[in-house]
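A structural walkthrough
So you can see what is in the structure, the chains are spelled out below.
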Amino acid sequence: MKKILAIIAAAILPMTMFAQAQITTKKLKIADFTDKTTKIVLTGNTMFDGVYQKVARETWTVSPYEFCTQSDFEKLKSDPDYYFLMIVTGQFKKEAEPGIELLGLFKGGMGSSEGVNEMLEVATIPFRPVADPEGREYVMLPALLQIIQQITLDCMEKDINSFTGLSNSTNKLSGSKQMRIAIANEDCSEEINKNYKLIYGRNGIEFMDVEDVDDLMDEGAANTLVSYIVAPIDAVVGSYCYKMLISCEDHSLYMYRRHRIGKKSPKGLLVEDFKKIESARQ
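Residues numbered from 1 in each chain as written. Predicted model: local features only at pLDDT ≥ 70, side-chain atom pairs only at ≥ 80, totals over all residues. Heavy atoms only, no water.

1. Overview of the packing of helix 7 (residues 194-201) against helix 9 (residues 271-281)
To keep it simple, the criterion reads: To get an axis, fit a line to the C-alpha atoms, keeping to the stretch in contact for a helix; angles then go from 0 to 180 degrees between the N-to-C directions. In DSSP terms, a helix is any run of H or I states spanning at least four residues, a strand is any run of E spanning at least two, and both are numbered starting from the N terminus. Any angle between 65 and 115 degrees counts as roughly perpendicular, while under 35 counts as roughly parallel, over 145 as roughly antiparallel, and the rest as oblique. Note on contacts: a residue pair qualifies if any of its non-hydrogen atoms lie within 4.5 Å across the two residues.
Their axes nearest at 12 Å, the elements helix 7 and helix 9 cross at an angle of 10°. In terms of their interaxial angle, helix 7 and helix 9 are classed as roughly parallel. Where helix 7 approaches helix 9, its residues Tyr196, Ile199 and Tyr200 are matched on the opposing element by Val271, Phe274 and Glu278.

Structure, rendered in structure tokens:
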């Protein structure tokens with residue numbers, strides 16, 4: 001009898017451990033996202049917050065939402081019945097101060113007493129440089145809000161999406177073969193000289209002024225991807241540069257890559273990025 005009980009216990013133990021492991025996955029932790037209220041935390045900047053509220057009303061569709069202040073967030077952040085969409089800063093080891101801001105979605109509750117860094121991060125996407133943003137973030141905000149919603153829904157569907165995150169979007173490049181790609185000259189690194197632009201221009205890639213690229217996004221141009229780069233204005237060696245290609249029409253993210261800025265890898269789109277784009281479109 002003891003032998004039989006031992007066998008049963010041995011069979012049950014792995015199942016119990018597996019069940020416990022499953023409880024810790026992000027998919028289960030955020031399973032209530034679409035039913036809970038998302039608090040959209042305003043920045044306190046009147047001009048930006050006005051645009052932020054307007055865009056959120058037009059694009060936030062996956063969960064109930066309410067706007068709140070930073071003070072409200074501090075009072076409510078420990079409540080697991082709320083999710084918080086907020087703008088946070090990102091700083092890397094070699095940076096003296098934060099260089100970029102990100103749009104981040106976090107779940108209230110555990111870890112909140114230690115600050116946003118210890119809260120459950122549902123999804124984040126680079127938004128703009130901290131210092132002297134050029135205003136492109138206003139044009140890109142509707143797309144970025146829709147992207148962060150889609151990332152969250154993807155994480156709710158499969159645990160693996162929590163690990164691949166934004167990078168998984170680069171797989172979509174293979175579906176862009178017949179699409180126009182508009183690259184802002186200002187988004188290119190110093191590697192991309194006139195000769196490279198001539199070479200890449202033969203494969204459906206167009207280089208233009210940043211204002212023209214932003215107009216395409218603002219107009220919702222059909223069958224068109226545009227570039228968007230987020231990096232510190234005064235980037236140092238060790239800072240990161242984030243590179244995206246976004247659909248003007250449906251705001252899908254087709255490419256997300258990043259690289260550590262250094263002497264051999266300056267800020268902006270690199271030759272290796274264009275090789276990745278061309279390879280996926282062949």
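2. Details of the sheet that holds strand 2 (residues 65-68)
The criterion, for reference: One requirement defines pairing of two strands: DSSP has to find at least two bridges between them.
Read from one edge of the open sheet, five strands run 2-1-3-4-5, paired in mixed fashion. Two strands close off the open sheet at either side, each with one partner strand: strand 2 and strand 5 (120-129). Adjacent strand axes in the sheet meet at a mean angle of 25°, parallel and antiparallel pairs treated alike. Direction of pairing for strand 3 (residues 82-90) relative to strand 4 (residues 100-107): antiparallel, over a ladder of eight bridges. Looking at strand 4, one finds that Val88 is bridged to Leu102. Seen against the sheet, helix 3 (residues 46-59) touches strand 1 (37-41), strand 2, strand 3, strand 4 and strand 5 and runs at an angle of roughly 175° to strand 2. Each of strand 3, strand 4 and strand 5 touches helix 5 (residues 136-157); the most contacted strand, strand 5, lies at about 160° to it.

3. Some details on the sheet that holds strand 6 (residues 180-184)
Strand order in this open sheet of five strands is 7-6-8-9-10, and the pairing throughout is mixed. Two strands bound the open sheet, and with one partner strand each, they are strand 7 (205-208) and strand 10 (253-260). Along the sheet, successive strands turn relative to each other by an average axial angle of 20°, direction set aside. Alignment of strand 6 against strand 7, held across four bridges, turns out to be parallel. Within strand 7, the residue paired with Ile181 across the bridge is Ile205. Seen against the sheet, helix 8 (residues 210-219) touches strand 6, strand 7, strand 8 (224-230) and strand 9 (240-247) and runs at an angle of roughly 135° to strand 6.

4. Focus on helix 9
Using the following cut-off: The buried label goes to any residue with under 20% of its type's maximum accessible area, the exposed label to any with over 50%, and the partly exposed label to all in between, with areas taken from a 1.4 Å probe on protein chains only.
Within helix 9, burial applies to Val271, Asp273, Phe274, Ile277, Glu278, Ala280 and Arg281. In the core, the buried residues of helix 9 are packed alongside strand 6, helix 7, strand 7, strand 9 and strand 10.

5. Some thoughts on the pattern of salt bridges
Applied cut-off: Whenever Lys or Arg places a side-chain nitrogen within 4 Å of a carboxyl oxygen from Asp or Glu, that contact is recorded as a salt bridge.
The full count for this structure, using the stated rule, is twelve salt bridges. Notably, a salt bridge pairs Lys39 with Glu66, separated by 2.4 Å at the nearest N-O pair. One end of the pair, Lys39, is in strand 1; the other, Glu66, is in strand 2, and 27 residues separate them in sequence. We classify Lys39 as buried; its relative accessible area is 9%.

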